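Breakdown of the fold
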Amino acid sequence: MPIDFSGMKKINEGKTKVIYENSANTKTVFMVFKDDITAGDGVKHDVMQGKALIDWRTNKNIFEYLNRHGVRTHYVESPEEKVTIVKKLDHKINLEVVARRVAAGSILKWSKVAEGDRFDPPVVQFHYKDDPLHDPMLDDSYIDFMIREKKSSEYADMRNMNVAVFELLEAAFAKFGVQLVDFKLEYGLIDGKVTLIDEITGGSFRLWPYAKEKPDLNKKNVIGELNPSGRLDKDTYRMGEDLKAVGDKFAQIAVITDGFKDI
Ligand SMILES: Nc1ncnc2c1ncn2[C@@H]1O[C@H](COP(=O)(O)OP(=O)(O)O)[C@@H](O)[C@H]1O
Ligand SMILES: [Mg+2]
């Protein structure tokens, strides 16, 4: 019997998910995926049939892989299609935490890096999560000050976790001939500890297939080793491709992450 959400209390509704109270276990909540896809901080918006199911599957595969590898996440289980049970947040941290291995997207506009420049270790940036303000980036010196002077260990934890998660996911995608270029994640406090929350789906990252079977990914610039025009991620949507093409790409991500079960 599918779970009936009609009588359940909706706690929150965002761009891609609805959160319902779980009266059977109040330390957890239900996360229900929607068919909506957005870009430009919600300015561009479409409903894409089947997206909820694809995102649910990608998210399940990725979080189960991360849990198995010891990352502290909110993910508990996915009891039926489009529905995931997660530990309820005690405190939301209103940040999007970005990690970048390869320079792409917005960083090219404000930094003197070329597309494809490689960062080792991956760079981490904090953005204040606010759509009308377009998620402004926080200054590194502010983050360093908060960690050193204010002993605000949450920032240090998020920085470390973001790199650890990046390296785990990069290694997993590498097995399927795909480079994880960058991603943005969200964190919250659960039982007083910094915990990875929200979702990780096709809209969370950039994924570029390898351009050759054995690319040299230790170069200073790896653009020639990768195939950005074969991108599998939400940039396809941002760049205006039709929804069918975007759906096909997201489905390919779901298929790849199905393979994470064995690693
Ligand atoms: N473990 C959790 N407990 C409670 N709320 C959560 C949890 N994980 C994510 N959320 C919340 O779910 C809401 C909906 O998510 P989403 O659709 O991604 O929103 P947004 O449009 O803000 O990105 C967000 O407010 C997010 O903070
Ligand atoms: Mg979100």
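Preceding block: the structure.
Residues numbered from 1 in each chain as written. Chains lettered and ligands numbered in written order. Predicted model: local features only at pLDDT ≥ 70, side-chain atom pairs only at ≥ 80, totals over all residues. Heavy atoms only, no water.

Taken together, 17 residues surround ligand 1, and among them Lys 15, Thr 16, Lys 17, His 74 and Lys 87 come closest. With respect to ligand 1, the side chain of Lys 17 contributes an N or O atom lying 2.7 Å from an oxygen atom. Interatomic distance of 2.8 Å between a backbone N/O atom of Lys 87 and a nitrogen atom of ligand 1. Burial of ligand 1 by the protein amounts to 89% of the accessible area it has alone, namely 570 Å². Elements supplying a minimum of two residues to the shell around ligand 1: β2 (17–21) and β7 (83–87). Looking at the shell around ligand 1, its residues break down into five nonpolar, four polar and eight charged. Built from parts of two domains, the shell around ligand 1 gets at least three residues from each of domain 1 (10–87) and domain 2 (91–243). (Near = heavy atom within 4 Å. Polar contact = N/O pair within 3.5 Å; in protein donor to acceptor, adjacent residues only side chain to side chain. Areas by Shrake-Rupley, 256 points an atom, 1.4 Å probe, with all protein chains shown as cover. Helix = DSSP H or I, 4+ residues; strand = E, 2+ residues; numbered from the N terminus. Nonpolar A, V, L, I, M, F, W, Y, C, P; charged D, E, K, R; others polar. Domains from an automatic or database assignment.)

Now for the environment of Ser 111. Mapped onto the elements, Ser 111 comes out in the loop between α2 (107–110) and β10 (118–128). In the structure, Ser 111 is positioned 46 residues away from Asp 157 in sequence and 26 Å away in space, judged by C-alpha atoms.

In a regular helix each residue adds 1.5 Å, so 16 residues correspond to 22 Å; helix α6 (residues 243–258) covers 22 Å between its end C-alpha atoms and thus fits that length. Taken together, the buried residues of α6 touch β4 (36–39), α1 (51–68), α4 (153–174), β11 (178–190), β13 (205–209) and α5 (235–238). With a side-chain oxygen positioned 3.1 Å from the backbone nitrogen of Lys 244, the residue opening α6 is Asp 242. (Expected span 1.5 Å × (residues − 1). Contact = heavy atoms within 4.5 Å.)

When you line up the elements, Arg 206 lands in strand β13. Residue classification places Arg 206 among the buried residues on the basis of a relative accessible area of 14%. Here the alpha-carbon distance between Arg 206 and Gly 105, two residues 101 residues apart in the chain, equals 9.1 Å. (Buried < 20%, exposed > 50% of the residue type's maximum accessible area, 1.4 Å probe, protein only.)

Here we take up the pairing of β2. Sheet faces and side chains relate simply in a regular strand, where the side chains alternate between the two faces. Among the five residues in β2, four count as buried, and that is most of the element. The pairing of strand β1 (residues 10–13) with β2 spans three bridges and is classified as antiparallel. Along β2, the bridge assignment pairs Asn 12 with Ile 19. Linking two consecutive strands that pair antiparallel, namely β1 and β2, is a turn of three residues. One ladder, built from five bridges, connects β2 with strand β3 (residues 28–33); its direction is antiparallel. The partner of Tyr 20 across the bridge, within β3, is Phe 30. Joining the antiparallel neighbours β2 and β3 is a turn of six residues. (Pairing = 2+ DSSP bridges.)

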